[in-house]
Amino acid sequence: MDENFQEEQFTGIINFTPPLYKQRYQFVKDLVGKYKPKKVADLGCADCTLLWMLKFCSCIEVLAGLDICGSVIKKKMRRLSPLPADYLQPTERSLTITLHHGSVAQKDPCMLGFDLVTCIELIEHLEESELEKFPEVVFGFMAPSIVVISTPNSEFNPLLPGVTLFRHPDHKFEWNRVQFQSWALETARRYDYSVEFTGVGCPPRGMENVGFCTQIGVFVRKYPQNSESAQSEKPTEAVYKTVFKAVYPSLKDEKYLQNAVVSEVIFTAQIIKRSLLDHLMSEPEEYNDDPAERKSKFQPSVNSFSENLGKLVVEKSVEPFVNGNVVYIPLRTIFSFPKVNQLCGTFEKLCKFVAGRVTLSSDGSAVMFSAEHENEEN
């Protein structure tokens, strides 16, 4: 749940730097950096800010958000859509983001299989009946490897101006540290988790006895989940409504991988072509300006190419050359460049990807370019 607005009111006397909500989100990001989960679900995702931050974590391949307020999700969900740059430069990882409208007191099979589940400023918004069901849904049914729960520390409230009972009008309760730790320890014991307590939002100097403004429990499952028992409890019907889904372009998708390979092949071939023509133009006397004699083998040096392409190893049988007004760059030469090699993996896959996408020699062994335009410019 998002409480950014209320927290801004507190900064007159208690100044959190960075703001408290950012400290909570950074705590989650640091945890992701430590444990490298592939699948993360944020319960009570509200305006999707945490999900938006987590989508940049390279280890995450699946993100899911759940909130009881569908209108809040819909206001901000488009920020999770892929940008044009994501299509121009797809990453190697796959990423799918899905948002659901529903209650954390209900079980839905779409929430199974997650490595990390976050509940940031959520539980204090739950009715008593929902809070009773919450542990079984999250720890019993979903049973992720790690659960992070943050909630206000009521002992800090006297330091916050304007707070008489609770920090937010929708809060149903706010626990002190003993209450939260008692609930968390019992929950951890019941579902075979360990739990460690920490928090964010340090108190002013001299008032350390009140603890953190936001208290946090990090639950880690002790034993691997029994897949058979989890399957037996799996509901036959979905209860959540999916309101948003985005599948990011990835090099794991052959369509995007082919586009990336073709672009890299053309880019690499153009650099080889320019270097070859520059070399020929710098020694024109060897060819007497006779097009019939302008067939030249060229063994490029590392300095002929931009450093980020890496070291090029070229065998004599695969050297680029000019014949008349046509530049020939063998695919074997292009394949020797590290990035092309990394993208394709095998020479056969390179040939498959470029077939029909670039102009090749009659035997399909070399990329062909016209040298005319380059010569006119020189």
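The present account deals with the structure reproduced in this document. (Residues numbered from 1 in each chain as written. Predicted model: local features only at pLDDT ≥ 70, side-chain atom pairs only at ≥ 80, totals over all residues. Heavy atoms only, no water.)

## A look at the packing of aromatic side chains
By the definition in use, this model includes 15 aromatic pairs. Between Phe16 and Phe156, the aromatic rings sit 6.0 Å apart at their centres with planes inclined by 40 degrees, giving tilted as the arrangement. With Phe16 in the loop between helix H1 (4–10) and helix H2 (20–35) and Phe156 in the loop between strand E5 (146–152) and helix H7 (177–190), the pair connects residues that are 140 residues apart, well separated along the chain. Judged by its relative accessible area of 0%, Phe156 falls in the buried class. Ring geometry for Phe139 versus Tyr191: centroids 6.2 Å apart, planes at 25 degrees, classification stacked. Taken together, the positions of Phe139 in helix H6 (residues 128–142) and Tyr191 in the loop between H7 and strand E6 (193–200) put the pair 52 residues apart, joining distant regions of the chain. Exposure remark for Phe139: the relative accessible area of 2% places this residue in the buried category. Using a relative accessible area of 16% as the deciding quantity, one classes Tyr191 as buried. Pairwise contacts between aromatic rings join Phe134, Phe173, Trp175, Phe180, Trp183 and Phe197 into one cluster. (Phe/Tyr/Trp six-rings, centres within 6.5 Å; stacked < 30°, edge-to-face > 60°. Helix = DSSP H or I, 4+ residues; strand = E, 2+ residues; numbered from the N terminus. Buried < 20%, exposed > 50% of the residue type's maximum accessible area, 1.4 Å probe, protein only.)

## With respect to H6
Two residues of an α-helix separated by three or four positions point the same way, owing to the 3.6 residues in each turn. Between its terminal C-alpha atoms H6 stretches 20 Å, which fits the 21 Å expected from 15 residues at 1.5 Å a residue. Along H6, the helix axis deviates most sharply at Phe134, where the bend reaches about 30 degrees; the proline Pro135 sits within four residues downstream. Taken together, the buried positions of H6 are occupied by Leu131, Phe134, Pro135, Val137, Val138, Phe139, Phe141 and Met142. Of the residues flanking the end of H6, it is Ala143, one or two places downstream, whose phi is positive at about 45 degrees. (Expected span 1.5 Å × (residues − 1). Bend = angle between axes of the 7 residues up to and from the residue.)

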